[in-house]
Amino acid sequence: MAIEIEKSIVGLSKIANSNTHGEDSPYFSGWKAYDEDPFDELHNPCGVIQMGLAENQVSFDLVEEYLEKNGEAINYGSTGFSSFKENALFQDYHGLFNFRKAMANFMEKIRGGRAKFNPDRVVITAGATAANELLTFILADPGDALLVPTPYYPGFDRDLRWRTGVKIIPIHCESSNNFQVTPQALELAYEEANSKKIKVRGILITNPSNPLGATIQRSNLEEILDFAVRKNIHLVSDEIYSGSAFCSSEFVSIAEVLDSRKYVDSERVHIVYSLSKDLGLPGFRVGTIYSFNDLVVTTARRMSSFTLISSQTQHLLAHMLSDEDFTGNYIKTNRDRLKRRYEMIVDGLKRSGIECLKGNAGLFCWMNLSQLLEKSTMECELKLWNKILCEVKLNISPGSSCHCSEPGWFRVCFANMSEQTLEIALKRLHNFMQKRTKDSYAVE
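Everything quoted here is computed from the prediction, not taken from an experiment.

Here we look at the environment of Gly112
Positionally, Gly112 belongs in the loop between helix H5 (97-110) and strand S2 (122-125). Put simply, Gly112 and Ser248 are 136 residues apart on the chain and 6.6 Å apart in space, counted from C-alpha to C-alpha.

Now the structure itself:
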C-alpha cells in the first residue's frame, strides 16, 4: 500500500524555490518528449528521433577497441600490482598528477602543439558543467553579471545562474555577420548592465560555438580580450569542442592569443575543457579548469572537493591519454568522421531547400527555417518547433531556447546517432518540406 505524504508547508531555501534552473525551456521539454517516445529502428520506428542532444558517438568504437586491447594494463597501478586498493583508498582534491599531466598533453595535442599547458594549473572537476559553475562562484558575487554572446548553450542558464545568483547579460549577435561578436555588441551589453546598475565581472565565450558549430576567428578573440582588458574584467573561454573542429588549424585557442602576447594580462583568462564531447565520454563526468591566475587555481582546487572525479576514472584516462598512438589516431579519425557527418546532414538539408550557417566544428549545425514562420516572432518559432516535434517526430532545439534574437533558427545534432538514423531523420524533414510546399500551392 502506497504511503501518502502530505504536501510540505516547511520553508525551503531561495535556491530550492528559484525558477532560474531553466527546466521550463523548450530545450528540456524536447528531451522529455523523446524520453516518452524514443525512436528505435526495430521496436519503435515512428518514435521521436533525438536531435537535441550534443553527444559524440561517431568514434566510440575507437575507445572500445582501446579498452579491449589494454584493459589488463589499465587495471595495474604504479606498483605493478592491481590498482584497485591504491585507487580505492587514495583521493586528493588536486587530482592524480599523472592524469593532470596526461590531460595537459592531450589539450596541447588537440591544439596542434600551438599552445602549452602546465599540469600544475589543471584543476579537475566533474564535467564542464561543474567547471563553469565553479568559475562563476570564484569570479562573481550574487547579483553580478557575466556577458555571454547569443545564441548560447541553453544549459548556461542553469550552470551560471541557478546556484550562484549571478546574472547573464546577453551580447546580441546577428546573422548578418554570421553571429560574430563585435566590439559594438560588447559595448551595448556592458552599457545595458551599467544602466541596470549591475556589476559586470567577466565575459564567457564558447569556442567552437555551441550552438553555431563554428570557431571564433583569431581577430575576434583579440577584440574580445582587448575589451576584457579595457573594462578590467575576466574572460572565460569554454573550449570543450576544441578537438571537434574539423580541421585543427581552423581552431584558435585563447591560450594561443596569450602566448603571442607573451602572457600579458593572462591573469584574467580562464579555460574550461572536458572529455565529454571530444572523447565522447559524458558519463565519466571529466572536466577541467585551466587558469593563468594563481589565486583562481588555488581557490578552484579548494572548491573542487565538492566536484571530484573518482581515482579509478582518473587512472584509466591517464593511461588512455598518455598513449600517443591512440590519441593521435583518435583525434584525426574523429575530426574526419565529424566532418563527413556534418557534410551529410548539411547536404541532405540543402536538398530539402533548407540552409544552414556555414560551420567547421562541433556536433551540430545551425539550421535556418525562418522562411517557414507565419510571422517573424518567437511565438511562431515555438509553434513550428512543436509541429516538428509532435508531427515530424524530431527533437531539435529552437533558437529562442539559445536566446537567439532572430526567430527561425534551430540547432540540430547529428553525432549522437547512426548514419541510418540520420538518413531517416533527413527523410522525415524532406517529406515535411514537400508537404508544406504542396499545401502553400493549394492555398494559392
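Considering the pairing of strand S6 (residues 234-238)
For a regular strand, the rule is simple: side chains alternate between the two faces of the sheet. Burial analysis of S6 places 4 of its 5 residues in the buried class, which makes it a mostly covered element. Pairing between strand S5 (residues 200-206) and S6: 5 bridges, direction parallel. In the strand pairing of S6, Leu204 is matched with Val236. For the crossover that starts at S5, traverses helix H9 (residues 218-231) and ends in the parallel S6, the hand is right-handed. Pairing between S6 and strand S7 (residues 269-274): 4 bridges, direction parallel. Of the residues in S7, the one forming a bridge with Asp238 is Val272. Viewed along the sheet, the connection from S6 through helix H10 (residues 254-260) into S7 turns out right-handed.

Some thoughts on the pairing of S5
Where burial is concerned, most of S5 is hidden: 6 out of the 7 residues are buried. Strand direction decides the pairing type here: strand S3 (residues 145-149) and S5, joined by 3 bridges, are parallel. For Leu146, the partnering residue across the bridge sits in S5 and is Gly202.

Focus on the layout of surface pockets
What the largest pocket holds in volume is close to 680 Å³. Around the largest pocket sit 34 residues that line it, and Ala214, Thr215, Ile216, Lys358 and Asn360 are the ones nearest its centre. It is helix H13 (residues 324-351) that provides the largest number of residues to the lining of the largest pocket, a total of 5 residues. Per-class residue counts for the lining of the largest pocket are 17 nonpolar, 11 polar and 6 charged. Approximately 430 Å³ is the volume attributed to the second largest pocket. If you trace the second largest pocket, you find 26 residues lining it, with Thr129, Tyr153, Ile240, Lys277 and Arg285 closest to the centre. Looking at the lining of the second largest pocket, the elements that each hand over two or more residues are helix H2 (26-36), helix H6 (127-139) and helix H7 (156-162). With 4 residues, the single largest contributor to the lining of the second largest pocket is H6. A per-class count over the lining of the second largest pocket returns 11 nonpolar, 8 polar and 7 charged.

Concerning the nonpolar core
Among the nonpolar cores identified, the biggest contains 69 residues, and Phe99, Leu147, Ile171, Ile203, Leu275, Leu279 and Leu317 are the most heavily contacted of them. When residues of this core are assigned to their parent elements, the largest contribution, 7 residues, is made by H5. In this view, Ile203 contacts Leu147, Ile171, Leu186, Ile224, Phe227, Ala228, Ile233, His234, Leu235 and Val236; residues no more than four positions away in its chain are not counted. Grouped together as the second largest cluster of nonpolar side chains are 68 residues, Met51, Leu134, Leu338 and Trp385 included.

What counts as what
- Residues numbered from 1 in each chain as written.
- Predicted model: local features only at pLDDT ≥ 70, side-chain atom pairs only at ≥ 80, totals over all residues.
- Heavy atoms only, no water.
- Helix = DSSP H or I, 4+ residues; strand = E, 2+ residues; numbered from the N terminus.
- Buried < 20%, exposed > 50% of the residue type's maximum accessible area, 1.4 Å probe, protein only.
- Pairing = 2+ DSSP bridges.
- Right-handed = clockwise from strand over helix to strand, strands pointing away.
- 1 Å grid on protein atoms, 1.4 Å probe; cavity = no way out; pocket = protein on both sides within 12 Å on 5 of 7 lines; lining within 4 Å.
- Points joined across faces, edges and corners; volume = space filled by probe spheres on them.
- Nonpolar A, V, L, I, M, F, W, Y, C, P; charged D, E, K, R; others polar.
- Core = buried A, V, L, I, M, F, W, Y, C linked by side-chain atoms within 4.5 Å.
- Contact = heavy atoms within 4.5 Å.

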